[in-house]
Amino acid sequence: MKATAQVLTAPPPARRLALPTVALALPFVLIWTSAFPAAKIGLADSPPLIFLAARFLTAGALLLGWAALRGELRGLTLRDLATLALLGLLNHALYLGLSWTGMGTLSSGLTTIIISANPILVALFSAALLGERLSGRKLAGLALGFAGVVLIARNRLAGGSDPAEGLLLVTGALFTLALGTVLFKRLRVSVGLAANTGLQTFLAGALLLPLALATENPVEVQLTAGFLAAFAWMVAVVSIGAYLLWFALLERGSASAASAWLFLAPPLGLAAGELLLGEQVGAADYLGILPVVLGIALVTRAR
């Protein structure tokens with residue numbers, strides 16, 4: 001009877017794993033989505049690269065201070081620094097530098113939609129670089145998610161509400177984020193998550209700062225209430241909170257399963273753009289939500 005009771009009361013293994021993943025994924029997607037309208041608010045009073053460099057250096061310094069208190073910087077090697085500099089360049093400097101520059105001509109909603117095609121590229125890069133198997137269920141989920149993104153994007157572009165001038169820059173950002181996601185899984189380092197994220201972020205700021213100062217004028221930064229609020233949100237909530245959640249998701253499972261949650265960003269991004277920035281969103285823009293949700297379910301449950 002005792003053994004039977006233990007069997008009956010033991011929680012199923014799948015539930016123990018699924019609940020923490022959802023608890024990480026949903027806050028991450030919500031924070032990730034909020035970054036696009038927050039960026040539009042901040043960029044009204046600051047050139048993009050100067051804003052990003054200051055954000056990365058501030059968030060990186062805070063994370064490194066926390067990592068040092070936790071003893072995570074012990075054992076750091078030159079190989080670790082080189083690896084984290086590469087990851088910081090891809091996941092932070094290039095990804096956000098390109099997307100924020102492109103966002104000057106695109107709405108935050110369309111920028112969110114383009115970046116949300118990330119799971120498709122991650123799945124392809126993961127198959128080539130990580131050996132992750134593209135099962136039929138996973139391929140079906142990626143196809144459904146992509147169909148939802150395309151449906152939303154088609155409605156946006158057909159209405160002529162977004163010019164195409166920033167499309168190339170934001171598409172380049174999409175590729176750098178996908179490659180950085182896969183290389184995070186492939187290139188292991190010997191430091192903890194806080195040190196990993198902090199070094200990536202700080203090194204990205206150090207790499208971006210010379211270019212920012214060479215191409216933009218710091219005098220153009222206006223310390224308005226909107227700018228300060230956007231900067232604080234981007235540093236504390238997005239650069240620290242969202243990236244810690246993102247890299248924790250990548251450590252927990254496959255790169256393609258973690259990135260599939262980004263399919264939720266388009267409908268949430270459109271809603272945030274409408275509520276916070278007054279961007280026009282029609283009912284047809286939300287028709288892609290159903291295939292997106294089904295696609296995420298298939299990819300994250302694929303074995």
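Since the model is a prediction, treat every value here as computed from it, not as a measurement.

Peer 1: Explanation requested: helix H6 (residues 118-129) in the structure shown.
Peer 2: Two residues of an α-helix separated by three or four positions point the same way, owing to the 3.6 residues in each turn. With 12 residues, H6 should reach 16 Å at 1.5 Å per residue; the first-to-last C-alpha distance of 16 Å fits that figure. Note on H6: the residue one or two positions beyond its end, Gly131, has a positive phi of about 75 degrees.

Peer 1: What should I look at first to understand the environment of Ala140 in this one?
Peer 2: Inspection of the secondary structure puts Ala140 in helix H7 (residues 136-158). Under the relative-accessibility criterion, Ala140 is labelled partly exposed at 34%.

Peer 1: Explanation requested: a nonpolar patch on the surface in the structure shown.
Peer 2: A contiguous nonpolar patch, built from Leu86, Leu89, Leu94 and Leu207 and spanning about 290 Å² of accessible area, is present on the exposed surface. Within the secondary structure layout, Leu94 lies in helix H4 (residues 78-102). On the accessibility criterion, Leu94 (33% relative accessible area) is partly exposed.

Peer 1: Can you help me understand the packing of helix H3 (residues 48-69) against helix H10 (residues 225-252) in this one?
Peer 2: Angle between the axes and distance between the axes are the two parameters that describe a pair of packed helices. Packing of H3 against H10 leaves a shortest axis separation of 10 Å and a crossing angle of 50 degrees. When the axis of H3 is compared with that of H10, the two are oblique. For the pair H3 and H10, the sense of crossing is right-handed. Of the residues in H10, those touching H3 at Phe51, Ala54, Arg55, Thr58, Ala59, Leu62, Leu63 and Trp66 are Phe227, Ala230, Phe231, Met234, Val235, Val238, Ser239, Ile240, Tyr243 and Leu244. Residue classes in the contact of H3 with H10 are distributed as 15 nonpolar, 2 polar and 1 charged.

Peer 1: Looking at this model, I keep getting lost on the pattern of salt bridges. Mind explaining?
Peer 2: Any two side chains of opposite charge can pair, so long as their charged atoms come close to each other. Under the definition given, this model contains 1 salt bridge. A salt bridge links Glu72 to Arg70, with the shortest nitrogen-to-oxygen separation between them at 2.8 Å. You can call Glu72 buried: its relative accessible area is 12%.

Peer 1: What exactly am I supposed to notice about the packing of helix H9 (residues 193-215) against H10 here?
Peer 2: Following both chains from N to C, one finds H9 and H10 inclined at 120 degrees, their axes separated by 10 Å at the closest point. By the angle class used here, H9 and H10 are oblique. Considering how the two elements wind past one another, H9 and H10 form a crossing that is right-handed. Facing H9, whose interface residues are Leu193, Ala194, Thr197 and Gln200, H10 presents Ser239, Tyr243, Leu244, Phe247, Ala248 and Glu251. The residue makeup of the contact of H9 with H10, split by class, is 6 nonpolar, 3 polar and 1 charged.

Procedures and definitions
Along every chain, residues carry numbers that run from 1 in the direction the sequence is written. The predicted nature of this model means local features are confined to residues of pLDDT at least 70 and side-chain atom pairs, given and counted, to a pLDDT of 80 or more, with totals for whole chains, interfaces and linings taken over all residues. To get the side-chain values, all heavy atoms of the structure are used, and hydrogens and water are removed first. The helix count covers DSSP runs of H or I at least four residues long, the strand count covers runs of E at least two residues long, and both are numbered beginning at the N terminus. Working rule for helices: expected span equals 1.5 Å times residues minus one. Each residue is placed in one exposure class: buried if its accessible area under a 1.4 Å probe, protein chains only, is under 20% of its type's maximum, exposed if it is over 50%, and partly exposed if it falls in between. Patch construction takes residues with relative accessible area above 30% that form no salt bridge. Like charges are linked within 9 Å, and nonpolar side chains (Val, Leu, Ile, Met, Phe, Trp, Tyr) are linked within 5 Å. Each accessible area value is a Shrake-Rupley result obtained with a 1.4 Å probe; residue values ignore everything except the protein chains displayed when judging cover. Whenever a carboxyl oxygen of Asp or Glu lies within 4 Å of a side-chain nitrogen of Lys or Arg, that contact is scored as a salt bridge. The axes are straight lines fitted to the C-alpha atoms, using for helices just the contacting stretch, and the angles between their N-to-C directions are given from 0 to 180°. Geometric relationships in this document are graded by angle, where less than 35 degrees denotes roughly parallel, more than 145 denotes roughly antiparallel, 65 to 115 denotes roughly perpendicular, and other angles denote oblique. Crossing handedness is read from the near helix: turned anticlockwise from the far helix by less than a right angle, it gives a left-handed crossing, and turned clockwise, a right-handed one. Note on contacts: a residue pair qualifies if any of its non-hydrogen atoms lie within 4.5 Å across the two residues. Side-chain classes are defined by residue name, with Ala, Val, Leu, Ile, Met, Phe, Trp, Tyr, Cys and Pro counting as nonpolar, Asp, Glu, Lys and Arg as charged, and the others, Gly among them, as polar.

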